[in-house]
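Listed below are the residues making up each chain.
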Amino acid sequence: ATMSASFLGSISDELDAHFARDLTVQPLGYSSYGAPSSGIAPSLRRQIAALPAAGTVTPERVVYTTHLPGKGEPGLLKGIEPKVWPRVDRSEYEGADTAQTMAGLAAGGVVVGRGFADAEGLAVGDRLALRGAGGVLHPRVVATTDTFEASGNIVLMSLATMKHAYGIGSDSTLAVVASSPDRRAALDRQVNALLERRYPGDEAVSNADVKKQYE
């Protein structure tokens, strides 16, 4: 029971760090792990950013693959905007601090999950082969991260690197933060009204709802 409580507490802490935002906008029934889900219309990001209570709005692009680089384990390829991501995600990194990690991603590097790093014998400074529609890239591993998501089989990169390597340019989810803490309730109302009116195939999920998925 003690070990189980400790494990659940670690998951809760990780979710709190990863979902350091006010809302996550995603397709109905979205799951990052498994068959591809429909993407989010490019216009939705712009329209949420234009809402009076909206502050930061930034995408995450996630692709499930049955063959990660190397030995071909299943896992996730994830693309983010490095300059903005720390505003919505406070995950910790090993081998570099957050600023160094984001600078490394912006320069074309990647972060790998601890599970993937251990399986492939990867360390900070090593090169990883990304093979996709854009050819083959050999980005440097700039940091690792210890995560339970996909058992640590994750490769995180910038949106630009994901587009260059794999040709992926559609948003999977949007992380949204209110312009100020006292406008969170207004943000929730405005986003949900927009979705109901124009994007019925998408939903706005609170951090509490996200955590319930892992209980």
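Note: the structure precedes this text.
Residues numbered from 1 in each chain as written. Predicted model: local features only at pLDDT ≥ 70, side-chain atom pairs only at ≥ 80, totals over all residues. Heavy atoms only, no water.

A.B. asks: Explain the pattern of salt bridges to me, and be specific about the residues and the numbers.
C.D. replies: Counting across every chain of the model gives 7 salt bridges. The partner of Asp22 in a salt bridge is Arg184, and the shortest N-O contact between them spans 3.0 Å. Taken together, the residues Asp22 in the loop between α1 (2-18) and β1 (23-27) and Arg184 in helix α6 (residues 184-198) connect sequence positions 162 residues apart. Asp22 sits in the buried class, given a relative accessible area of 17%. The exposure class assigned to Arg184 is partly exposed, which follows from its relative accessible area of 46%. For Glu149, the salt bridge goes to Lys78, with nearest N and O atoms at 3.0 Å. Of this pair, Glu149 sits in the loop between β7 (141-145) and β8 (154-158) while Lys78 sits in strand β3 (residues 75-80), and the two are 71 residues apart along the sequence. The two residues Glu149 and Lys78 agree in class, both being buried. What you see here is one network of salt bridges that share partners, running through Arg45, Arg61 and Asp171. (Salt bridge = Lys/Arg side-chain N within 4 Å of Asp/Glu carboxyl O. Helix = DSSP H or I, 4+ residues; strand = E, 2+ residues; numbered from the N terminus. Buried < 20%, exposed > 50% of the residue type's maximum accessible area, 1.4 Å probe, protein only.)

A.B. asks: Any details on the packing of helix α2 (residues 42-49) against α6? Residues and values, ideally.
C.D. replies: Between α2 and α6, the shortest axis-to-axis distance is 10 Å and the interhelical angle comes to 145°. Taken as a pair, α2 and α6 cross one another with a handedness that is right-handed. Facing Leu44, Gln47 and Ile48 of α2, the residues of α6 in contact are Val191, Leu194, Leu195 and Arg198. (Axes fitted to C-alpha atoms, helices over the stretch in contact; angles between N-to-C directions. Left-handed = near helix turned anticlockwise from the far one by under 90°. Contact = heavy atoms within 4.5 Å.)

A.B. asks: Report on helix α3 (residues 98-106), specifying residues and quantitative values.
C.D. replies: Those residues of α3 that fall on the buried side of the exposure criterion are Thr101, Met102, Gly104 and Leu105. Projected onto a plane normal to the axis of α3, the buried residues spread over an arc of 160° and lie on a single side. What points out from α3, more than 90 degrees from its buried face, is the exposed set Ala99 and Ala106. In this fold, the buried residues of α3 make contact with β3, β4 (110-113), β7, β8 and α5 (159-166). For α3, the capping residue at the N-terminal end is Asp97, with a side-chain oxygen 3.3 Å from the backbone nitrogen of Ala99. After α3 finishes, the residue Gly108 shows a positive phi value of roughly 105°. (Arc of directions from axis to C-beta. Polar contact = N/O pair within 3.5 Å; in protein donor to acceptor, adjacent residues only side chain to side chain.)

A.B. asks: Could you give me a rundown of the pairing of β7, with the residues and numbers involved?
C.D. replies: Counted residue by residue, β7 has 5 buried out of 5 residues, so it is predominantly covered. Direction of pairing for β4 relative to β7: parallel, over a ladder of 4 bridges. When the sheet's bridge partners are listed, Val112 is paired in β7 with Thr144. (Pairing = 2+ DSSP bridges.)

A.B. asks: Would you mind going over the nonpolar core in detail, with residue names and values included?
C.D. replies: The biggest cluster of nonpolar side chains holds 19 residues, and the ones touching the most others in it are Val25, Leu44, Ile48, Val176, Leu187 and Val191. Those elements that place two or more of their residues in this core are β1, α2, β2 (54-65), β9 (173-178) and α6. Looking at this core, the element that brings in the most residues is α6, giving 5 residues. Core analysis: the next-biggest nonpolar cluster, separate from the first, contains 17 residues, Leu137, Met162, Tyr166 and Ile168 among them. (Core = buried A, V, L, I, M, F, W, Y, C linked by side-chain atoms within 4.5 Å.)

A.B. asks: How would you explain the packing of aromatic side chains if you had to name every residue and give the values?
C.D. replies: In total, this model carries 1 aromatic pair according to the counting rule given. A centroid spacing of 4.7 Å and a plane angle of 65° characterise the contact between Tyr33 and Tyr64, whose relative ring orientation is edge-to-face. Here Tyr64 lies in strand β2 and Tyr33 lies in the loop between β1 and α2, a separation of 31 residues in the sequence. Looking at Tyr33, the relative accessible area reads 38%, which means it is partly exposed. (Phe/Tyr/Trp six-rings, centres within 6.5 Å; stacked < 30°, edge-to-face > 60°.)

A.B. asks: A description of the sheet that holds β9 should follow, citing residues and the corresponding values.
C.D. replies: Read from one edge to the other, the open sheet built from 8 strands follows the order β7-β4-β8-β3-β2-β9-β1-β10, with strand pairing classed as mixed. Looking at strand neighbours, the two that pair on one side only are β7 and β10 (202-205), the edges of this open sheet. Along the sheet, successive strands turn relative to each other by an average axial angle of 25°, direction set aside. Bridge count for β1 against β10 is 4 bridges, and the pairing is antiparallel.

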